[in-house]
Amino acid sequence: MPSRTSVVTAETVAKPVRPSTRQRRSIGDPLFRGMTHLAALIVFGILVGIAVVLAFGAAPAFRAFGPMFFVTKAWNPVEDVFGALAPACGTLITSAIALLLAVPVSFGIAIFLTELAPKWMRRPVGTAVELLAAVPSIVYGMWGLFSFAPFYAAHVQPALTAYLGPVPGLGRLFDGPPLGIGLSTAGIILAIMIVPFIAAVMRDVFETVPPMLREAAYGTGATTWEVVWKVVLPYARGGVLGGIVLGLGRALGETMAVTFVIGNAYDITLSLFMPSATISSVIANEFTEATGKLYYSSLIALGLVLFVITFVVLAAARLMLARMKARAGGA
Amino acid sequence: MANPIYARRRARNMVAVGASVLVTVFGLAVLALILTSILRHGLAAISPTLFTESTPPPGAHGGLLNAIVGSLLLNTVAVVFGTPLGVLAGTYLAEFGRGSRFSDVVRFVNDMLLSAPSILLGLFAYETVVVTLGHFSGWAGSFALSLIVIPVVVRTTEDMLLLVPMELREAGIGLGAPYWRVVSTVCYRAAGAGMLTGVLLAVARISGETAPLLFTALNNQFWSANMNAPIANLPVVIFQFAMSPYDEWRELAWAGALLITVAVLGLNILTRAALPQPKGNT
């Protein structure tokens, strides 16, 4: 600090009093801002990078098979013929089953948590449901394979075949050997996995419904069900849909739980009891064993298909939720 | 009460309320069922050698020491590299880019990453790190996991910084502090507990992630702490052992599943009990 001890002259007074701090400030702020900006750019770059890397990796497969890749049923590493149809169907069917089962259950849980449960019960039950979402997918997979599948094969599948099998049309879905694993098992496990996500989002959007609306409806003598169905649900429609689609996004991309119970067969069958494969289970099972450029590239092409599907679905979900949030904020 | 319309409305309400109570009980029962199943199988397989021996060859007894150490290594590296980047990007969104078009895009991209299928992150890490290095490695596994850590930390950092009152920033600036000091010494301190929640939730998330490790860190039957080589880790060991026909391996898989479940649920419960919660971490 030489300037402090020196004699005060016109020159030293005119100089900045604490040059060191000023300097630090002038470098520090742009530097910090630049670093955060760079980090934000990297986050953006990761997603772009994933898309680009998958597209490059998939290029040889698309060159070899062209659009036929999407409609070819075969998946034959020996003859080097690959098509996405069977795994893509598996992914769509298991996700559809999951949604079909999960949406009503999630709706019920959300109603219970917002309308029915006494105050003291809401937090613990809500927390328990959220914890169900935190359980790793591989644990669901193991539970599905070793605990659920044997029970399902011994008690549920024979009953379904017996009661629903004879129904014309519908019966075809439940026709097949009670293996315990297969499309329906994967769908059920997926449903259990996405219920907490959908229920949590539904509960959150139900809570954004202004209490005045609710109270007004109750005041006119509406029953709980009428309040939910005619007041809460119409108000929260966008958010509810967003939550459901968010769950769908999870189901489409889920890997481990499905890989355990799907059975790995490249077949497209009407029966939900038959083993099948999904995009993610094929990649998980075969990627490290893929030999040959085309095999490997076809697996990455499957990944690209999954990326595009989930991106579209998740983007739609975010859009719906954002719109809902904007409305709730404005109200 | 003889009015048929009233009776019908009442009946419909009873059915709906009953169904919703029923599915909630059912949902909780499934959670209980899964937990008891993991506990029953897992506790039976827990033994002292679990923590002192490495994964055995087929048909022999052993433990999970190498997998536990491997998982700790992979997770630590992923968090150490992912957290600073996530915190900085979250800081940008909350402090510098409020309302700008670019931050809207980044926020959207971050949401996509948050729920992207984790197996795609594994493919990405394979194509970039494994192909470049020419071999499977712990680094590749940690890279894939850090791609999960980053969006979680970005989201919680932004949420928590937005909760810091403007007056605190104004007070800091009024004292003559440059903005970066205000953020790093005032805002981070005010939002610190919430940001820690984000990091812990990220740890919980990656602890159970299997798909990104399948073709990055791979697996290693032997003791190894070398991040530049294939490394054992709990999720992949559980997957391989559970799918194997050997009883000893399956038992170890259950024990591993119990360890992971306890760790993940423990972290979740801990953060809920002790730290402020970010809204909507889905």
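Residues numbered from 1 in each chain as written. Chains lettered and ligands numbered in written order. Predicted model: local features only at pLDDT ≥ 70, side-chain atom pairs only at ≥ 80, totals over all residues. Heavy atoms only, no water.

## Re the overall build of chain A
Let me state the cut-off plainly: Numbering goes from the N terminus for both helices and strands, where a helix is a DSSP run of H or I of at least four residues and a strand is a run of E of at least two. In this description the radius of gyration comes from C-alpha coordinates, and the expected globular size is given by 2.2 Å times residues to the power 0.38.
When you go through chain A residue by residue, the secondary structure sums to twelve helices and two strands. Listed N to C, the secondary structure of chain A is α-α-α-β-β-α-α-α-α-α-α-α-α-α in terms of helices and strands. Taken against the 2.2 N^0.38 rule, which gives 20 Å for 331 residues, the C-alpha radius of gyration of chain A at 28 Å runs more than 25% over that of a compact globule. Projected onto the principal axes, the alpha-carbon positions of chain A cover approximately 105 × 70 × 35 Å.

## Comments concerning the overall build of chain B
What counts is decided by this rule: Burial classes follow relative accessibility: with a 1.4 Å probe on protein chains only, a residue under 20% of its type's maximum area counts as buried, one over 50% as exposed, and anything between as partly exposed. Whether two residues are in contact is decided by their heavy atoms, any of which lying within 4.5 Å being enough. Positive residues here are Lys and Arg, negative ones are Asp and Glu, while His and the chain termini are left out of the count. In this description, the location of a charge corresponds to atom NZ of lysine, CZ of arginine, CG of aspartate or CD of glutamate.
Scanning chain B from terminus to terminus reveals nine helices and zero strands. Order of helices (α) and strands (β) in chain B, N terminus to C terminus: α-α-α-α-α-α-α-α-α. Compactness check: chain B gives a C-alpha radius of gyration of 24 Å against a globular reference of 19 Å for 282 residues, more than 25% above the reference. Counting only C-alpha atoms, chain B reaches 75 × 65 × 35 Å along its principal axes. Out of the 282 residues in chain B, the part that is buried amounts to 54%. Restricting the contact set of chain B to residue pairs at least 6 apart, pairs at least 24 apart contribute 74%. Between the centroid of the 16 positive side chains of chain B and the centroid of its 13 negative side chains there is a distance of 15 Å.

## Let's talk about the interface of chain B and chain A
The test is simple: Note: buried area is the sum, over both parts, of the accessible area (probe 1.4 Å) each one loses when the two are combined. By definition here, a salt bridge exists when the distance from a side-chain nitrogen of Lys or Arg to a carboxyl oxygen of Asp or Glu is within 4 Å. Residues are grouped as follows: Ala, Val, Leu, Ile, Met, Phe, Trp, Tyr, Cys and Pro are nonpolar; Asp, Glu, Lys and Arg are charged; all remaining types, including Gly, are polar.
Contacts between the two partners involve 81 residues from chain B and, on the opposite side, 78 residues from chain A. When the two sides are added together, the surface that chain B and chain A hide from each other amounts to roughly 7100 Å², 79% of it contributed by carbon and sulfur. Across the contact surface, chain B and chain A share two salt bridges. The salt bridge partner of R9 of chain B is E226 of chain A, with a shortest N-O separation of 2.7 Å. Listing elements by their share of the side of chain B that touches chain A, those giving two or more residues are α1 (4-45), α2 (65-96), α3 (101-115), α4 (118-133), α5 (138-163), α7 (179-207), α8 (234-242) and α9 (247-274) of chain B. Considering every element that reaches the side of chain B that touches chain A, the biggest residue donor is α1 of chain B, with 18 residues. When grouped by side-chain class, the residues that make up the side of chain B that touches chain A number 57 nonpolar, 16 polar and eight charged.

## A few points about the packing of aromatic side chains
Put simply, the test is: Two rings from Phe, Tyr or Trp (for Trp, the six-membered ring) form a pair when their centres sit within 6.5 Å of each other. Planes less than 30 degrees apart are called stacked, planes more than 60 degrees apart edge-to-face, and all others tilted.
The tally for this structure, following the rule as stated, stands at 32 aromatic pairs over all chains. Ring geometry for F287 of chain A and Y126 of chain B: centres 4.7 Å apart, planes at 85°, overall edge-to-face. Of this pair, F287 of chain A sits in the loop between α11 (279-286) and α12 (293-330) while Y126 of chain B is found in helix α4, placing the two residues in two different chains. Note on F241 of chain B and W249 of chain B: the rings are 4.2 Å apart at their centroids and 10° apart in plane angle, and the pair reads as stacked. Of the two residues, F241 of chain B and W249 of chain B, both sit in the buried class. An aromatic cluster of at least three residues, connected via ring pairs, comprises F62, F65, F69, F70, W75, F82, Y266 and Y295 of chain A.

## A closer look at the pattern of salt bridges
Counted according to the given criterion, the structure contains ten salt bridges over all chains. Between R205 of chain B and E209 of chain B there is a salt bridge; the shortest N-O distance is 3.9 Å. With a relative accessible area of 27%, R205 of chain B lands in the partly exposed category. Connected through salt bridges with shared partners, the residues E130, R203 and D204 of chain A together with R272 of chain B form a single ionic network.

## Considerations on the layout of surface pockets
Unoccupied space between atoms shows up once a probe the size of one water molecule is rolled over them. The following threshold applies: Each cavity reported here is a set of points on a 1 Å grid over the protein atoms alone in which a 1.4 Å probe fits but cannot get out, each pocket an open set with protein on both sides within 12 Å along at least five of seven lines, and each lining residue one with an atom within 4 Å of a point. Grid points are joined across faces, edges and corners, and a volume is the space filled by probe spheres set on the points.
Each pocket or cavity is described by its volume, and for the second largest pocket that value is around 780 Å³. If you trace the second largest pocket, you find 31 residues lining it, with L101, F148, I188 and I192 of chain A together with F26 of chain B closest to the centre. Going through the elements one at a time, α4 (85-116), α6 (137-164) and α7 (183-207) of chain A together with α1 of chain B are the ones with two or more residues in the lining of the second largest pocket. The dominant element in the lining of the second largest pocket, judged by the number of residues it contributes, is α1 of chain B, at eight residues. A breakdown of the residues in the lining of the second largest pocket according to their chemical character gives 25 nonpolar, five polar and one charged.

## Here's the deal with the confidence of the model for chain A
In low-pLDDT segments, the atomic positions of the prediction should not be examined closely. Operational definition: The pLDDT value expresses, per residue, how confident the predictor is, ranging between 0 and 100.
A residue-level look at chain A finds 91% of positions with pLDDT of 70 or above and a mean pLDDT of 85. Counting contacts from residues 1-17 of chain A, a segment whose pLDDT is below 50, to residues more than four positions away or on other chains yields four contacts.

## Here's the deal with the packing of α7 of chain A against helix α9 (residues 224-253) of chain A
All names here are of chain A. To be explicit about the condition: Between N-to-C directions, angles cover 0 to 180 degrees, with each direction set by a line fitted to C-alpha atoms, over the stretch in contact for helices. Note on terminology: angles under 35 degrees are roughly parallel, angles over 145 are roughly antiparallel, angles of 65 to 115 are roughly perpendicular, and the others are oblique. By definition, any crossing whose near helix is turned counterclockwise from its far helix by less than a right angle is left-handed, and any crossing with a clockwise turn is right-handed.
The interhelical angle for the contact between α7 and α9, taken along N-to-C directions, is 150°, at an axis separation of 8 Å. It follows that α7 is roughly antiparallel to α9 by the angle criterion. Crossing angle aside, the handedness with which α7 passes α9 is right-handed. Residues L190, I194, F197, I198, V201, M202, V205 and F206 of α7 touch α9, and the partners they reach there are V232, L233, A236, G239, V240, G243, I244, L246, G247, R250 and A251. Residues belonging to the contact of α7 with α9 are distributed by class as follows: 15 nonpolar, three polar and one charged.

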